[in-house]
Structure formats: structure tokens, C-alpha cells
Amino acid sequence: MRLNPAKPFLRYPSPSHPANRTRELASEGHYVFAEPLQVHFNPIMVSLTNKRILLGVTGSIAAYKSAETVRRLREAGAEVRVVMTRAATEFITALTMQAVSGHPVRQHLLDEQAESGMGHIELARWADAVLVAPASANFMAKVAQGRADDLLSTLCLASGAPLAVAPAMNRQMWDNPLTQSNVATLQKNGVRIFGPDSGTQACGETGAGRMIEPNDLVTMTAAMFETGELVGLNVLVTAGPTWEPIDPVRMITNRSSGKMGYAVATAAMEAGARVTLVSGPTALASPERVECIRVTTAREMFDAVQARVATAHVFVGAAAVADYRPAQTAVDKIKKTADTLDLVLIRNPDILASVSAHTPAPFVVGFAAETGDLERNAVAKLRAKRVDLIAANLVGQPGSGFEADDNHLILVDAAGTVELPLLSKAKAARELIHHIAVRYHAKNPAENPRLAHRQ
Ligand code: CTP
């Protein structure tokens, strides 16, 4: 059967998506399915764990689906904050959206009370992704022009996070060349267009312009985080502190929470890598779709890494490995019998240095947590441990470092230094993985036999 013009296919941002291929085939006169292709929601596959999604709701009858979208996003693990335009509140109340998201809904740019909480710039920074669903024709036109005349359009401009819009409008409005030109402008500027679907519309007409279903929005939002930059590669990551036992109840350790290493493992997984995380003791849940090996001491971490280094393409040493351990671990609890107590400490193996000494060595990334002279110390560590890249940050500063949720990294390699802004650890990890991928592929072009034998 031929393409039924009354049922056009879903639009996808990627020209290689099967739906677009089908449309292409149809335009070439091939037989195609008459029904629009659907992206089916698979609750097992879709994960947005710990992702911060800013959901923008604009004026459209499809706003009634927004409450469901929030529920589905949260079920997939995301934290959701909602921003509504004035027109959106004509279709669904802010109270409903507050109830389903669990957070106050922001509506106005110049709202003193709201700005004293999470200001609009903070909100823009907070988001890992911005999804505007439903996106009216008017709102898409505004974003295409770079306008910032209300809170939501301002956030779209002010946020560095990826932006997606799910159009919802009458089919004539969707087909209008002005809307299509806005869509093209948005796509050219990296904005993803989710949908629209086609079928019977609220206005009684039939055609393209209906917002895609909440389940499909969740699937596509999750896909925004999958970069594919490390597809087919094995990434080995260490994270967390190590515990070096003094006696059965005491140990030497440090303040590492493991958050940065776990974020690196998650970002590598989202970039398509097979990831093994060797973790010291932390309070964190194992990241999804990552093989997690729990160890306690530096020597256990060393052994776990040694057993896997030969198959790793990339190694990231994010663990705060204790440099020393007690020479002896007392079998029984040490009693306080004297005024002083001497502990003899001996050096632990250097896991990072051992990985860069391996033949063939993977692409090796080390971390440096310093209290001063950041760049100079990072350069010294880069050379001393013969690694490809050092991610360095200052510790002991408020809001960044060991236990904090944010991190301010500089990346140092033989070519120089790149400074990342202060970012959430999840975003900093994604940036780091991007920089690693660029350097890895530059160092290992596809024809490199190393890549072939390790796949
Ligand atoms: N590292 C390691 N094994 C160790 C010690 C450190 O793999 N036994 C790794 C960390 O995971 C991190 C980097 O090395 O990637 C940190 O370097 P390191 O020289 O240990 O940092 P500091 O302990 O701060 O060193 P120094 O006291 O010499 O500044």
C-alpha cells in the first residue's frame, strides 16, 4: 500500500531514524506501512535515574497530558521541576502540576518570592535537560527567534542543557511554512523535536500536530542522554574511598563520597560504553547498566583493576585511594592502655600508575584533588604517573569537591588546560566523558588494531 497522506509519519530528529527512512522510501514510491510508527515505552529499558528534567508547559489543549508526563518521568527516576506559561494555566492548573511534581511550579520571571528560592538562573543551571511539552507554535517561534519575554523562554535561552520541544498544534499550523521554517531553525541550533504525532485532533481535523504520548516523551528524553561517543569500548572506573583497617573496628580512610566516580561510570554507560566500576565503600546505589565490583581496601581495588585492565580501552581513576595502610591489622580491638599509640604505615600500590605501566595501556585518566596550586600540581601528576589526562579540582572549598554535589574541574593533558565551569557532578562527568572520547578517538583511529582485538 502507498503512504496514506492522512496519516503522515512521526518526525524524528535523526535523519537515520527508521521512521524518517520510511518516509523517504514512501516519497520514492515504495510501499510502506499506512500506520504511523510508534516508539513503544519499555519501562525496563528507560531510565532517567537522578536526571533533572525541567518540564516547560505552554498553552495547548495537550497540556492535559503534562501531569501524566511528569508522573512517567518520575517513575523513570527523574527529578522534575515544572515551569508553565500564562497560557498553559488556562488548560491545567499549577496546583495539579505542583502535586504531581512534588515541587512548586514557577510561572513568572519577575517573582520576588520564587527568585529568593531557586532563582531562574539557578533553575537553568539545575536542569540536565529541558523538555517543553506541549510546545505551541507561538512558543517554538519565540525560541527560534531567541526571545526571552517570559520565564520559560528565558530558561530555554539561559540553560546550557539540551533542549527538546514536543509540538502540539492544529495540523494547518504545523504544516504552515512559517512553523516549518521555525522547526528547521530549532533543529539547526541543536533543539530536538519530539513528534508531532498524527491523527484526530481536538479541533476535529485529522493530520500531524498532535503531541506524542507521555510514554514516548519519556523514551525520547532518556535518549537525549545517550551520546554514543564511546560505543563498543570497555571503560574501567574506580570510585570512592578505600578503608585500611587498623583493627576490627577502626580504619584509615578519607572523605570521598564516591559521587564523582559513580557519575563518571554513569556518563560512560550513557555514552555507549561497557562499564565496570570498582568501588570502595560508599553509601551509593550501583549505577544501572554498570557492572559494579565492591571492594574495601586499596589492595583489593588494585587486584580488581589488574584483573580487568587488559580488556579496558579507557581507565578512569576517580577513587581516593589511601596512600598508606597500617603495616599490621590488629586481630582484636586495640585497647587504650597508653597515652600515645604508634601506628606504622606502609605504602599502598599505586593503581593509576600500574595501569599506565600496563602494555598495552588503555587511555588513562587520573584525578587530582588539591588544596592549592591546582594546575601546577595537575601537570606534575600527569607526568609522574604518565597518564593521558588529569581531571583536577580544589578541595576544601565550599560547594565543590569531596562531599559536595557540584564540582569545578580543570582538565590537563599534554596539549594544555581546559577549565570546566562549576557544574553538578553528573554534568561535570558528562563533560569529562566527552573530552575523554574526543582524545581517545584522536589517539586511536578506527583502524587501530588495539580497538579490533578488544571488541
Ligand atoms: N591513585 C591510585 N592509587 C593510589 C593512589 C592514587 O590509583 N594508591 C589515583 C587516584 O585514583 C587519582 C590519582 O591517583 O586518580 C591521585 O593521585 P595521587 O598522587 O595519589 O594524589 P595524592 O594522594 O593527592 O598525591 P600527593 O599526595 O602526592 O599529592
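Residues numbered from 1 in each chain as written. Predicted model: local features only at pLDDT ≥ 70, side-chain atom pairs only at ≥ 80, totals over all residues.

S.K.: Any chance you could explain the confidence of the model for the protein chain here in plain terms?
M.R.: The predicted structure's coordinates, where accompanied by low pLDDT, should not be read in detail. Across the protein chain, the average pLDDT comes to 88, with 87% of residues at 70 or higher. Long-range and interchain partners of residues 1–44, a stretch whose pLDDT sits below 50, account for 50 contacts in this model, where long-range means more than four residues apart. (pLDDT = per-residue confidence, 0-100. Contact = placed C-beta atoms within 7 Å.)

S.K.: How should the sheet that holds strand β4 (residues 163–167) be read in this particular structure?
M.R.: Hydrogen bonds between backbone atoms are what pair the strands of a sheet, whose relative direction is either parallel or antiparallel. Strand order in this open sheet of 5 strands is β2-β1-β3-β4-β5, and the pairing throughout is parallel. Each end of this open sheet is capped by a strand with a single partner; those strands are β2 (79–84) and β5 (192–193). With 4 bridges connecting them, strand β1 (residues 52–57) and strand β3 (residues 129–135) associate as parallel partners. For L54, the partnering residue across the bridge sits in β3 and is V130. Relative to the sheet, helix α3 (residues 94–101) contacts β1 and β2, its axis offset from that of β2 by approximately 170°. (Pairing = 2+ DSSP bridges. Helix = DSSP H or I, 4+ residues; strand = E, 2+ residues; numbered from the N terminus. Axes fitted to C-alpha atoms, helices over the stretch in contact; angles between N-to-C directions.)

S.K.: Sorry if this is basic, but what is going on with unusual backbone geometry here?
M.R.: Most peptide bonds take the trans configuration, and most residues that are not glycine carry a negative phi. Here A133 and P134 are connected by a cis peptide whose omega angle stands at 0°. Mapped onto the elements of the fold, P134 is located in strand β3. In this structure, the amide linkage connecting T359 to the following residue, P360, adopts the cis form with an omega of -5°. The residue P360 is located in the loop between α13 (351–356) and β16 (363–370) in this model. In this structure, N50 is a non-glycine residue whose phi angle is positive, near 65°. When you line up the elements, N50 lands in the loop between α1 (18–27) and β1. Even without being a glycine, R289 presents a positive backbone phi close to 55°. You can see R289 is positioned in the loop between β11 (274–279) and β12 (291–294). Owing to 14 C-beta atoms within 10 Å, R289 belongs among the partly exposed residues under this scheme. (Buried ≥ 20, exposed ≤ 12 C-beta atoms within 10 Å, placed from the backbone.)

S.K.: How do you make sense of the pairing of strand β6 (residues 197–200) when you look at a structure like this?
M.R.: Sheet topology note: the β6/strand β7 (residues 206–210) ladder contains 4 bridges and is antiparallel. The partner of T200 across the bridge, within β7, is T206. Joining the antiparallel neighbours β6 and β7 is a turn of 5 residues, in which G204 adopts a positive phi near 95°.

S.K.: Explain helix α9 (residues 177–188) to me, please; I cannot follow it from the model alone.
M.R.: Because each turn of an α-helix spans 3.6 residues, side chains separated by three or four positions in sequence point in the same direction. With 12 residues, α9 extends 16 Å between its outermost C-alpha atoms, agreeing within 8% with the 16 Å of an ideal straight helix rising 1.5 Å per residue. As for α9, its buried residues are in contact with α6 (137–145), β4, α8 (171–175) and β5. Looking one or two residues past α9, G190 carries a phi angle of roughly 85°, positive in sign. (Expected span 1.5 Å × (residues − 1).)

S.K.: For this particular structure, what's the right way to read the site of the ligand?
M.R.: Around the ligand, the surrounding shell holds 15 residues, and the nearest of these are G317, V321, I351, L352 and G366. If you list the elements that add at least two residues to the shell around the ligand, you get α13 and β16. Among the residues forming the shell around the ligand, the class breakdown is 8 nonpolar, 4 polar and 3 charged. (Near = placed C-beta within 6 Å. Nonpolar A, V, L, I, M, F, W, Y, C, P; charged D, E, K, R; others polar.)

S.K.: What am I meant to see in the sheet that holds β12 here?
M.R.: Ordered by their spatial adjacency, 8 strands build an open sheet running β12-β11-β8-β13-β16-β17-β19-β20, and the pairing between neighbours is mixed. A strand with exactly one partner marks an edge of an open sheet, and here the two such strands are β12 and β20 (416–419). With strand direction ignored, the average angle separating the axes of adjacent strands in the sheet is 15°. Of the strand pairs in this sheet, strand β17 (residues 389–394) and strand β19 (residues 410–413) are connected by 3 bridges, and their pairing is antiparallel. For A392, the partnering residue across the bridge sits in β19 and is I410. Helix-sheet contacts for helix α11 (residues 259–270) involve β8 (234–239), β11 and β13 (314–317), and the interaxial angle to β8 is about 165°.

S.K.: Got a minute to help me understand the packing of helix α2 (residues 66–75) against α3 in this structure?
M.R.: Each pair of packed helices can be described by the angle between their axes along with the distance between the axes. It is at 9 Å that the axes of α2 and α3 come closest, and there the two elements cross at 10°. As summarised for this structure, α2 and α3 are arranged roughly parallel, according to the angle between their axes. Contact residues: α2 offers S66, A67, V70 and R71, while α3 offers T96, M97, V100 and S101. Its residues assigned to classes, the contact of α2 with α3 shows 4 nonpolar, 3 polar and 1 charged. (Parallel < 35°, antiparallel > 145°, perpendicular 65-115°, else oblique.)

S.K.: Please explain the environment of K333 as it appears in this structure.
M.R.: Following the sequence through the fold, K333 ends up in the loop between β14 (324–326) and β15 (345–347). A count of 10 C-beta atoms within 10 Å places K333 in the exposed class. Once the C-alpha coordinates of K333 and V249 are considered, the two residues, 84 residues apart in sequence, prove to be 6.6 Å apart. Setting aside chain neighbours within four positions, we find K333 in contact with D247, P248 and V249.

S.K.: Just checking my understanding: could you explain α11 for this structure?
M.R.: Between its first and last C-alpha, α11 extends 16 Å over 12 residues, near the 16 Å set by a 1.5 Å rise per residue. Where burial is concerned, most of α11 is hidden: 12 out of the 12 residues are buried. Among the residues of α11, those classed as buried are K259, M260, G261, Y262, A263, V264, A265, T266, A267, A268, M269 and E270. Packed against the buried residues of α11 are β8, β11, β13, β18 (406–407) and α15 (425–443). Just downstream of α11, G272 is the residue with a positive phi angle, here 100°.

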